[in-house]
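# Remarks on the overall topology
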Amino acid sequence: MSDTSKDFPTRLRTVRDYIRWAVSQFHGADLFFGHGTDNAWDEARQLVLGALHLPYEIADSYLDCRLEDEEHAYLHELLRQRIEERVPTAYLLGEAWFCGLPFIVDERVLIPRSPIGELIEQQFAPWLPHEPARILDLCTGSGCIGIACAYAFPEAEVVLGDLSFDALEVANQNIERHELGERVYTVQGDGFAGLPGQRFDLIVSNPPYVDAEDFADMPAEYQHEPELGLACGEDGLDLVRRMLAEAADHLTEQGVLIVEVGNSQVHVEAQYPEVDFTWLEFERGGHGVFLLGAKQCREHQALFRERLNG
C-alpha cells in the first residue's frame, strides 16, 4: 500500500472508488476475513460505509458522491491499518453487529461472531422448557450474547459475567447503549466464582476454547484480540472443564447449559465419551456448540469433577 499512498487522495474521489480500490487491495494483501464478513467485497463495504456513517444498504446513486478532504484522510488511515497492520474492521470502526444489534467493541473484547446468535433469534427453541426468568452469559466479553438474550426475553434478568475488568467496562457501555440497566448487569469473577449460590434457567457461554495448536496457527487479525478471550490451555478446555464441574450448582431444576467450544469439540468428545452431549446445528454455519440439561449436569457432576485436571 505504501507504494500507492502518495496518489491515494487524488485518484480516489467517490465512495464507489474507495470500495472498488479496497476490494482490490484486500485481495492483493491476502487479508483474512472472519470477524463479521467472509469476503473482500463485504469487508470493503462495511469499512468504507461504516467509516462515513452511511447505511450498508445505501442507494446505489449515493456511491458516486465525492468525499471531503478530511474523509479522504480518514479512510486512507483506516485502510492502511486494515491492510498493513491487519486490524479487524470492527476495531477500526469501534462497532460490530450481532443478532441485528450494534455493539461497542475495541481490543479489550473479542469481536462478536458466535453462531449462538442464531439460537437467540429463535429464542432457543425447541430447547428451553419454558421462558427463562434468569439468564447468565458467562465469559461475556462485550456483552453481546447476554444483551441479545435480554431482547429475546423481555422479562428476564440477565447477568453478564467475566474475569476481565476491561471487558466488563465495554459490556457496561453496551448495557447503557441499549438502555437495559434495569435488568442487565455485570459481575466480575473467574468462572462461577462471582456468583455464589445463584441459579439460572439458562446459562449460555462463549468461553475461551482455542487449543494451543490452533492458537499458534491463527491469522494475524486475531492477534489484535485479547488472548484471554481465545486461548485456554493445551486442549482449550481449562475453563470448560471447570464450568462443567460447577454448572449443576448454578442451574435451576429444568435449567439448560449451552457452551460454544468450536474446534475443541473433538477434545470434549474425547474427554467425556460417557456424556451424551447435544451438539447443535446451524443453518448459517458454525459448529462446536453443545447443550446439556440440568439433570445431565447433576448426573455427571462427579465425573466432571474427577476430570477437572484433564
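As the structure is a prediction and not an experimental result, all values here were calculated from the model.

Let us now look at the packing of helix H3 (residues 40–51) against helix H4 (residues 69–84). Their axes nearest at 10 Å, the elements H3 and H4 cross at an angle of 145 degrees. Judged by the sense of rotation from one axis to the other, the crossing of H3 with H4 is right-handed. Across from Glu43, Leu47, Val48 and Ala51 in H3, the residues of H4 making contact are Tyr74, Leu75, Leu78, Leu79 and Arg82. Of the residues that constitute the contact of H3 with H4, the class distribution is seven nonpolar, no polar and two charged.

Sequence positions flagged by UniProt for "domain: Methyltransferase small" (unreviewed entry) are, in local numbering, residues 128–214. Secondary structure over residues 128–214 splits into 29% helix and 25% strand, and the C-alpha atoms at its two ends are 33 Å apart.

Where burial is concerned, most of strand E6 (residues 200–205) is hidden: six out of the six residues are buried. Direction of pairing for E6 relative to strand E7 (residues 251–260): parallel, over a ladder of five bridges. Looking at E7, one finds that Leu202 is bridged to Val256.

Next up on the list: the environment of Glu213. Relative to the helices and strands, Glu213 resides in helix H9 (residues 212–216). In this structure, the C-alpha to C-alpha distance between Glu213 and Leu230, residues 17 residues apart in sequence, is 12 Å.

So, about the pairing of strand E9 (residues 289–293). With five of its five residues buried, E9 lies for the most part within the structure. Of the two faces of E9, the one holding Val289, Leu291 and Gly293 and the one holding Phe290 and Leu292 are both buried throughout. Here E7 runs beside E9; their pairing, made up of five bridges, is antiparallel. Residue pairing across strands places Glu260 opposite Val289, the latter belonging to E9. Sheet topology note: the strand E8 (residues 278–279)/E9 ladder contains two bridges and is antiparallel. When the sheet's bridge partners are listed, Trp279 is paired in E9 with Phe290.

Definitions and cut-offs
Residues numbered from 1 in each chain as written. Predicted model: local features only at pLDDT ≥ 70, side-chain atom pairs only at ≥ 80, totals over all residues. Heavy atoms only, no water. Axes fitted to C-alpha atoms, helices over the stretch in contact; angles between N-to-C directions. Helix = DSSP H or I, 4+ residues; strand = E, 2+ residues; numbered from the N terminus. Left-handed = near helix turned anticlockwise from the far one by under 90°. Contact = heavy atoms within 4.5 Å. Nonpolar A, V, L, I, M, F, W, Y, C, P; charged D, E, K, R; others polar. UniProt positions renumbered as here; feature names shortened; annotations may be inferred. Buried < 20%, exposed > 50% of the residue type's maximum accessible area, 1.4 Å probe, protein only. Pairing = 2+ DSSP bridges.

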